[in-house]
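# Survey of secondary and tertiary structure
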Amino acid sequence: MNLMEEIARRRTFAIVSHPDAGKTTLTEKLLLFGGAIHVAGAVKSNKIKKTTVSDFMEIEKQRGISVSTSVMGFEYNNYKVNILDTPGHQDFAEDTYRTLSAVDSVIIVIDAAKGVETQTEKLSNVCRMRKTPSIFFINKLDREGLDPFLLLDEIEKKLNISCVPMTWPIGMGKNFKGVFQLHTNKLYLFDAEEKQRLQEPIIIENLDKNQLSKYIGEQLTIKLIDEIELVRNVYPQFSRTEYLNGNIAPVFFGSALNNFGVKELLETFLQIAPSPRNSETNERIILPQEEKFTGFVFKIHANLHPQFRARIAFIKICSGIFKRNVPYFHVRSGKYFKFSNPTSFMAAKQSVIDEAYPGDIVGVHDTGNFKIGDTFTEGEVLQFKGIPSFSPELFRYIENNDPSRYKQLAKGIEQLTDEGVAQLFTHKLNGRKIIGTVGALQFEVIQFRLEHEYAATCRYENLPLYKACWFKSKNPVQLNEFKKRKANFLAEDKYGRDVFLADSAFTLQMAKENFPDIEFYFTSEFN
Ligand code: G4P
């Protein structure tokens, strides 16, 4: 197969959801279809139910041994499918946002009883920002849930995207009979006793009433015919271009747990979802079919076992063919690195590979040289865009507990923030170090890892802030005035950029009003 063919058959995506909507269950069912696993229950849910740091560390340890859970690849109908795993806990949302920088599309799972939840909203915003094509899977139809029209309405209003239903549910909860596939006129029936779909779909031409009644009864037939008429009048027709541009979102209904609607989702997804897309760099657009290899690090996985200090950097291949033992240019350091044991993640197994293509993820060993966002090329100086840090929401001063371990602490903080566990700021007024995170659990993770990996101990002091945001202005007078007035609330990020520490939404609002020429940014990527 040549490079173009390899690119065309790749589908690299993530499944995201608010915790408990069914992401793990759906992932598992897709892996079962792909033959990547053979029994249900093989995919460990990586969510932390009790929200304790020990649970998290335990999960991380397990994952450290089997990093393959970070990327799950399998072959299906001659497609090469790469599912990128995202953390189940919302305190690690930032890790999820970064993973989204490495995917070409997403499937968003929504619980039919709960509708659009907070985390769905945040994740969907990130997808919209990047114009990532999104598909919705409305899950748990085997339980009583919200009316399907209401659900679509909520998606459209809260997530600001036009829905295109691809299937339509027949009944719900105890009366859930199946789904009607709108573009093929196929009826997929669900057997509540067997808890799965009946083998073959039934084709119903022109929504024939008599034929439908035979399968779903008269009452549901009348309801279905009415609803489908409404759907066809109200919602736009599916257009692949509009979907690929992120303007419309196809919607499927089903039940992941009962394996219903999952195969239909997978097969349609493979047909319509994008193969590896162009990538933006600060210098130029990179096309996947370019001959020369380019890629970037989107995730660093620490191996928490104290005996193995090495970390694994995950590189997303953006163009060309990545080859084992070939030296590649690490743009930030200006050095060449070659990798003798790059691994790929197929069928739940981690194996050394000789080649990888655009859309693939390879894991390479890292002894502390790489960080998130780093670019690799065959010599060209490039910096990929779209791997921003997000404005953190929780802040604490971090203090050294043991003066004799000062260096270790500094190194630990430096490396952990390179990994993207949290962000580091330095207060301009007093020089104190501030850790900013999106979730409370990260503070404990940092403390735990500093102690276990760097033999350094720290303590925290609470810093009640609303948000830290980056800012710049073309008006130097106003900028100077702002910096003077807000001297007590300024910090620098790790790269020396100015950050405003707003202590309340009101302060931020006032700053925007009083200094209209200053632009405030909530992600680090604003140049
Ligand atoms: P997440 O990764 O999005 O957090 O969700 P996960 O798949 O872990 O699913 C959350 C809960 O919802 C699980 O139950 C799971 O069995 C259930 N679930 C998933 N899909 C469906 C569905 O289609 N119908 C119904 N009725 N339930 C579904 P749990 O009790 O929290 O966990 P478990 O003990 O079953 O693992």
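Our structure is the block above this text.
Residues numbered from 1 in each chain as written. Predicted model: local features only at pLDDT ≥ 70, side-chain atom pairs only at ≥ 80, totals over all residues. Heavy atoms only, no water.

## Remarks on the sheet that holds strand β32 (residues 518-521)
An order of β28-β25-β27-β26-β30-β31-β29-β32 is seen for the eight strands of this open sheet, with the pairing classed as antiparallel. Two strands lie at the open edges of the sheet, namely β28 (458-462) and β32, each paired on one side alone. Neighbour-to-neighbour, the strand axes of the sheet open up by a mean angle of 40°, direction not taken into account. Note: strand β25 (residues 394-400) against β28, five bridges, orientation antiparallel. (Pairing = 2+ DSSP bridges. Helix = DSSP H or I, 4+ residues; strand = E, 2+ residues; numbered from the N terminus. Axes fitted to C-alpha atoms, helices over the stretch in contact; angles between N-to-C directions.)

## Some details on the pairing of strand β15 (residues 294-302)
Burial within β15 is extensive, with nine of its nine residues counted as buried. Bridge analysis of β15 against strand β24 (residues 375-377) gives two bridges, and the strand direction is antiparallel. Note on β24: the bridge partner recorded for Phe296 is Thr375. (Buried < 20%, exposed > 50% of the residue type's maximum accessible area, 1.4 Å probe, protein only.)

## Overview of the pattern of salt bridges
Across all of its chains, the model carries 29 salt bridges by this definition. Here Asp111 ties to Lys140 by a salt bridge, and the two come within 3.4 Å at their closest N and O atoms. One end of the pair, Asp111, is in strand β4 (residues 105-111); the other, Lys140, is in the loop between β5 (134-139) and α6 (148-159), with 29 residues separating them in the sequence. Here Asp111 and Lys140 have matching classes, each one buried. Put simply, Arg284 and Glu380 hold a salt bridge, and the shortest N to O gap is 2.7 Å. Of the two residues, Arg284 sits in the loop between β13 (279-280) and β14 (285-286) while Glu380 sits in the loop between β24 and β25, which places them 96 residues apart along the sequence. Connected through salt bridges with shared partners, the residues Glu6, Arg9, Arg10, Glu75, Lys80 and Asp360 form a single ionic network. (Salt bridge = Lys/Arg side-chain N within 4 Å of Asp/Glu carboxyl O.)

## A word on the site of the ligand
As a structural note, the neighbourhood of the ligand is formed by 18 residues, with Asp20, Lys23, Thr24, Thr25 and Ser255 the closest of them. A distance of 3.2 Å separates an oxygen atom of the ligand from a polar atom in the side chain of Ser17. One of the side-chain nitrogen or oxygen atoms of Asn139 is found 3.1 Å away from an oxygen atom of the ligand. Considered on its own, the ligand offers 710 Å² of accessible surface; in the complex 71% of this is hidden by protein. No other element matches helix α2 (residues 23-33), which puts three residues into the shell around the ligand. (Near = heavy atom within 4 Å. Polar contact = N/O pair within 3.5 Å; in protein donor to acceptor, adjacent residues only side chain to side chain. Areas by Shrake-Rupley, 256 points an atom, 1.4 Å probe, with all protein chains shown as cover.)

## Thoughts on the side chain of Ser105
Topologically, Ser105 is positioned in strand β4. Its relative accessible area of 1% is what places Ser105 among the buried residues. With sequence-adjacent residues up to four places away left out, Ser105 is seen in contact with Thr12, Phe13, Ala14, Thr132, Pro133, Tyr243, Phe269, Ala273 and Pro274. (Contact = heavy atoms within 4.5 Å.)

## Digging into the environment of Ile225
Inspection of the secondary structure puts Ile225 in helix α8 (residues 218-234). Each C-alpha atom of the pair Ile225 and Asp208 lies 9.0 Å from the other, and the pair is 17 residues apart in sequence. Residues contacting Ile225, with those up to four places away along its chain left out, are Leu207, Lys209 and Leu212.

## Considering the nonpolar core
Within soluble globular proteins, side chains that are nonpolar tend to cluster in buried spots. Formed by 82 residues in total, the largest nonpolar core has its most connected members in Leu100, Phe136, Ile138, Ile155 and Phe322. Looking at this core, you find at least three residues from each of domain 1 (3-66 + 104-272) and domain 2 (279-377). Listed in part, the 29 residues of the second largest apolar core include Ala21, Val81, Leu266 and Ala273. (Core = buried A, V, L, I, M, F, W, Y, C linked by side-chain atoms within 4.5 Å. Domains from an automatic or database assignment.)

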